[in-house]
Amino acid sequence: QVQLVESGGGLVQSGGSLRLSCAASGSIFSIHVMGWYRQVPGNQRELVAVTRSGGSSNYADSVKGRFTISRDTAKDTVYLRINSLKTAETAIYCCIIGGQYSQDSGLFPSWGQGRKITVSS
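Nothing here was measured: the structure is a model prediction, and the numbers come from that model. (Residues numbered from 1 in each chain as written. Predicted model: local features only at pLDDT ≥ 70, side-chain atom pairs only at ≥ 80, totals over all residues. Heavy atoms only, no water.)

K.L.:
Summarise the sheet that holds strand 7 (residues 67-72); cite the residues concerned and give the values.
P.N.:
Strand pairing in a sheet relies on backbone hydrogen bonds. The paired strands run either parallel or antiparallel. Spatial ordering of the open sheet is given by 1-3-8-7, a layout of 4 strands whose pairing is antiparallel. For this open sheet the edge positions go to strand 1 (2-8) and strand 7, each flanked by a neighbour on one side alone. Looking at each pair of strands side by side, their axes are set apart by 15 degrees on average, direction ignored. Sheet analysis places strand 1 next to strand 3 (residues 18-26), joined by 7 bridges and oriented antiparallel. Residue pairing for strand 3: leucine 4 is matched across the bridge by alanine 24. (Pairing = 2+ DSSP bridges. Helix = DSSP H or I, 4+ residues; strand = E, 2+ residues; numbered from the N terminus. Axes fitted to C-alpha atoms, helices over the stretch in contact; angles between N-to-C directions.)

Structure follows, in structure tokens:
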């Protein structure tokens, strides 16, 4: 019922910048939280940034000042602007949303397939 379509990523040199997009569609009554995770090869998944319906945002300490999460509520789309990329941040970046199917339902999570970012030295 819910589909997440991600775009962006790719190959970039150290110090470069990229933008990721994630658009949600389908049977969604309300989206409360949208965010981005990443998984560096050989490491566990890490929460990078989240934005909530009230407008607040949070970031991992390692990306503060370099990453910016934003949301287009009308289009159910979340963006992640990434600046000054480091080689250690080569990873799969995955979009996640938390929302409701209907007004009476509980929260549910949906994940995108992920986008690969490769940072070269």
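More follows now that the structure is in view.
K.L.:
Please set out the pattern of salt bridges residue by residue, giving values where relevant.
P.N.:
Per the stated rule, a full pass over the model turns up 4 salt bridges. Close ionic contact of arginine 38 with glutamate 89 constitutes a salt bridge, the shortest N to O distance being 3.2 Å. In this pair, arginine 38 sits in strand 4 (residues 30-39) while glutamate 89 sits in the loop between strand 8 (77-82) and strand 9 (91-100), placing the two residues 51 residues apart along the sequence. The class for arginine 38 is buried, based on a relative accessible area of 5%. (Salt bridge = Lys/Arg side-chain N within 4 Å of Asp/Glu carboxyl O. Buried < 20%, exposed > 50% of the residue type's maximum accessible area, 1.4 Å probe, protein only.)

K.L.:
Residue-level account of the packing of aromatic side chains, with values.
P.N.:
For any pair of aromatic rings, geometry is given as the distance between the ring centres together with the angle between the planes. Across all of its chains, the model carries 1 aromatic pair by this definition. Measuring from centroid to centroid gives 3.8 Å for tyrosine 101 and phenylalanine 108, while their planes differ by 10 degrees, and the two rings are stacked. Here tyrosine 101 falls in the partly exposed class, since its relative accessible area comes to 44%. Residue phenylalanine 108 is classed as buried on the basis of its relative accessible area, which comes to 8%. Stacked on the ring of tyrosine 37, the Lys or Arg arginine 45 has its end atom at 4.5 Å from the ring centre. (Phe/Tyr/Trp six-rings, centres within 6.5 Å; stacked < 30°, edge-to-face > 60°. Lys NZ or Arg CZ within 6 Å of the ring centre and 35° of its normal.)

K.L.:
Explain the state of the cysteines residue by residue, including any values.
P.N.:
Cysteine pairs can be linked by a disulfide, which is a covalent bond between their two sulfur atoms. One pass over the full model with this rule turns up 1 disulfide. Sulfur-sulfur distance for the disulfide between cysteine 22 and cysteine 95 comes to 2.2 Å. Negative torsions about the S-S bond denote left-handed disulfides, and the value of about -80 degrees found for cysteine 22 with cysteine 95 makes this one left-handed. Placement of cysteine 22 in strand 3 and of cysteine 95 in strand 9 is noted, with a sequence separation of 73 residues between them. Both residues of the pair, cysteine 22 and cysteine 95, count as buried. (Disulfide = S-S within 2.5 Å.)

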